[in-house]
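Residue-level structural notes
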Amino acid sequence: MHPAYSVIVFTTFSGTGYGLAALLGLGFIDPSMMSVKAGYFLALALISIGLLSSTLHLANPKNAIRAFSQWRSSWLSREGVLAILTYVPITILAFLSIFMDSSIGWLGIVAAVLAMLTVFSTSMIYGSLRTISLWNTWLTPASYLAFSIASGAVVLNVLVAVFEGNSGNIPQYALLVLVAAWLIKWFWNRRQSEGYGKSSMETATGLGHLGKVRLLERPHMMANYLTREMGFRVARKHASMLWNITIVLALIIPAVSLALAFAMQGSMTAVLLSVIAALCHLIGMLVERWLFFAKAKHAVSLYYGDEALDAA
Amino acid sequence: MTSLPATTNKKLGLVIDLDTCVGCHACVIACKEWNTGGYGNALSDQQPYGANPSGSFLNRIHTFEVVPEDGQVIDQSTEARVVHFPKSCLHCEDAPCVTVCPTGASYKRQEDGIVLVDENKCMGCGLCAWSCAYGAREMDLAAGVMKKCTLCVDRIYNDSLLEIDRIPSCVRTCPAGARHFGDLGDPNSDISKLVEERGGFDLMPEQGNSPTNKYLPPRNRESLAATLPQDEAETTKDITKTADGFFGWVDKTLTKLGSENNQGES
């Protein structure tokens, strides 16, 4: 699948923003603290940048307002509706924290639940597509939710470290959810060998009873919308290298930094390590999301001679 | 409304005969010609006379080669066969392109089962094309909306056309008679009988879309051996004929050595 930059930015930024908002809403940290005030501001900024970015890949954005209408059947529509709904409790909580130094417990829980439902809807846009076997699994929503929380925790840790000078044992919890998220992602990644799932060139053409099918001639010489959108192959060529880069940036460096930050809590070095953990993690997550799209094979490629394409 | 109708009164669709199609692409051109001036925005081309031309089409012909696994090989001839494969929207009963649409632009008609895009509502997100296993939907890059086969909805009910022309443009134009149009929901329609008689099948049934359009398989051919002259067929017991003379000796010797080697290893 062609990885659109707008969608990569959208899923990583808003995912992090919703994770951060959910953790703030659950009230682990005193709402009068500077880091919480900054956290709400950052969460709203990340969510808004993400959502605005997502509209950039629309070919006809003037009809975008209609996307709120089909929540009965469409995960994309549900995501739009939930994203707008989630603004309400997060904005109220941000106002309470920034101007009144207070919070409302139940509203925080509402914000956290809505934020996670929004991330779930985003992930189900991809997870519900039968055409893309790699995505069509419950592990897709599971990994989106887990990474949302993990990214949120890594960012929350850096905020507390920078604004309060000491993030205490937050690195310990951030490390825990980060490793858990990668465990889910590891299971997800193992499925890549499934390729097209149950579909093949034989089922696509219905000619399997006659023998092995291969493409002799494409419908036309040049690329078309389908080959550009569904037949993206650059990343598959470098997939294992990119996967290793992701692991180093989004798991190993943040995990080691967080462990050291926890061990040296209270020191300036711990603050610096928290910053390194967050920056590397977020850059790594952008690569991870790029791979999520780029590695996915779409069933329509079978009509365009997938095996010949892979060899090219 | 992007929820699917529970049932449709008719199931209008196409039946495509893979035995008869000669791969001339006339239906591709007829489709483009009719639909660029008909329903919705024109089907645009990008750089049509430039170095890298492309454009939106609602119907495309792929060409496949099928090689039987235990097929006969006589000299340089194999039993591989070429199948021309026209592909357009299959107007699925369980159409995922309809339910994923966030704006309500994509819908399936209750009266005849045709899947359409209301271009005034489409925001060009492309998710319906992602959900379609058959590549039936293409974004028009000039109009920014999704285009797809309308089953020539502006022809089939058009009283200002002669009755003979009230069928989809691709069917009307096919010189080989490889494309058929009708109500696949009516078991007594000509088209349903054709599917029954020829063993019409669904594309990618495992995707769970229940496509309306059906494909008719290529007819069986007689085997290569049966096409040989009678005397040659009798002398050629082993159809996979090997070389004669010196090269025949080389072939036999190497085959023998190879099998001995394999036994030695195992």
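Higher on the page you've got the structure.
Residues numbered from 1 in each chain as written. Chains lettered and ligands numbered in written order. Predicted model: local features only at pLDDT ≥ 70, side-chain atom pairs only at ≥ 80, totals over all residues. Heavy atoms only, no water.

1. Regarding the overall build of chain B
Along chain B, the regular secondary structure elements total eight helices and 13 strands. In chain B, once contacts between residues fewer than 6 apart in sequence are set aside, the share between residues at least 24 apart is 64%. Surface summary for chain B: the accessible area is close to 12,900 Å², and the carbon and sulfur share equals 51%. (Helix = DSSP H or I, 4+ residues; strand = E, 2+ residues; numbered from the N terminus. Contact = heavy atoms within 4.5 Å. Areas by Shrake-Rupley, 256 points an atom, 1.4 Å probe, with all protein chains shown as cover.)

2. Quick notes on the overall build of chain A
Regarding its fold elements, chain A presents 12 helices and one strand. Helices and strands in chain A line up, N terminus first, as α-α-α-α-α-α-α-β-α-α-α-α-α. Here chain A has a C-alpha radius of gyration of 21 Å; the compact-globule value for 312 residues is 20 Å, and the two agree. With the C-alpha coordinates of chain A rotated into their principal frame, the extents come out at 70 × 45 × 30 Å. Within chain A, the proportion of its 312 residues that are buried is 58%. (Rg over C-alpha atoms; globule rule 2.2 N^0.38 Å. Buried < 20%, exposed > 50% of the residue type's maximum accessible area, 1.4 Å probe, protein only.)

3. Focus on the pairing of strand β1 (residues 12–17) of chain B
All names here are of chain B. The element β1 is extensively covered by neighbouring structure, given that six of its six residues are classed as buried. Side-chain alternation along β1 places L12, L14 and I16 on one buried face and G13, V15 and D17 on a second face that is also buried. Where β1 meets strand β12 (residues 179–183), five bridges bridge the pair, whose relative direction is antiparallel. Looking at β12, one finds that V15 is bridged to H180. (Pairing = 2+ DSSP bridges.)

4. Topic: the pattern of salt bridges
Pairs can form between side chains of opposite charge once their charged atoms are near each other. Taken as a whole and assessed by the stated rule, the structure comprises 15 salt bridges over all chains. Here E202 of chain A ties to K212 of chain A by a salt bridge, and the two come within 3.8 Å at their closest N and O atoms. Highlighted residues: E202 of chain A in helix α7 (residues 201–205) and K212 of chain A in strand β1 (residues 212–217), separated in sequence by 10 residues. Across the salt bridge formed by E119 of chain B and K147 of chain B, the nearest N and O atoms sit 2.8 Å from each other. On the criterion of sequence distance, the pair formed by E119 of chain B in the loop between β9 (115–117) and α3 (127–131) and K147 of chain B in strand β11 (residues 145–147) is long-range, its members being 28 residues apart. (Salt bridge = Lys/Arg side-chain N within 4 Å of Asp/Glu carboxyl O.)

5. Things to note about the environment of Q46 of chain B
Residue and element names in this part refer to chain B. Inspection of the secondary structure assignment puts Q46 in strand β2 (residues 45–46). Considered as a pair, Q46 and C31 are 15 residues apart in the sequence and their alpha carbons are 18 Å apart. Other than its neighbours up to four places away in sequence, Q46 contacts N52, P53, S54, G55, L141 and A142. At a separation of 3.0 Å, a polar atom in the side chain of Q46 contacts the side chain of S44. (Polar contact = N/O pair within 3.5 Å; in protein donor to acceptor, adjacent residues only side chain to side chain.)

6. Focus on the nonpolar core
Ranked by internal contacts, the top residues of the largest apolar core, which has 134 residues, are Y126, W135 and Y303 of chain A together with W130 of chain B. Here this core takes 12 residues from helix α5 (residues 139–164) of chain A, the largest share from any one element. Once residues within four sequence positions are removed from consideration, W135 of chain A is found in contact with M1, Y126, G127, L129, T140, W188, F292, F293 and A296 of chain A together with W130 of chain B. Counting six residues, the second-largest nonpolar core is a separate cluster that includes L184, I191, L194 and L216 of chain B. (Core = buried A, V, L, I, M, F, W, Y, C linked by side-chain atoms within 4.5 Å.)

7. Remarks on the sheet that holds β1 of chain B
Residue and element names in this part refer to chain B. Overall, mixed pairing links the three strands, which are arranged β12-β1-β13 in an open sheet. Each having just a single partner strand, β12 and β13 (214–216) make up the two edges of the open sheet. Direction aside, the axes of adjacent strands within the sheet are offset by 25° on average. (Axes fitted to C-alpha atoms, helices over the stretch in contact; angles between N-to-C directions.)

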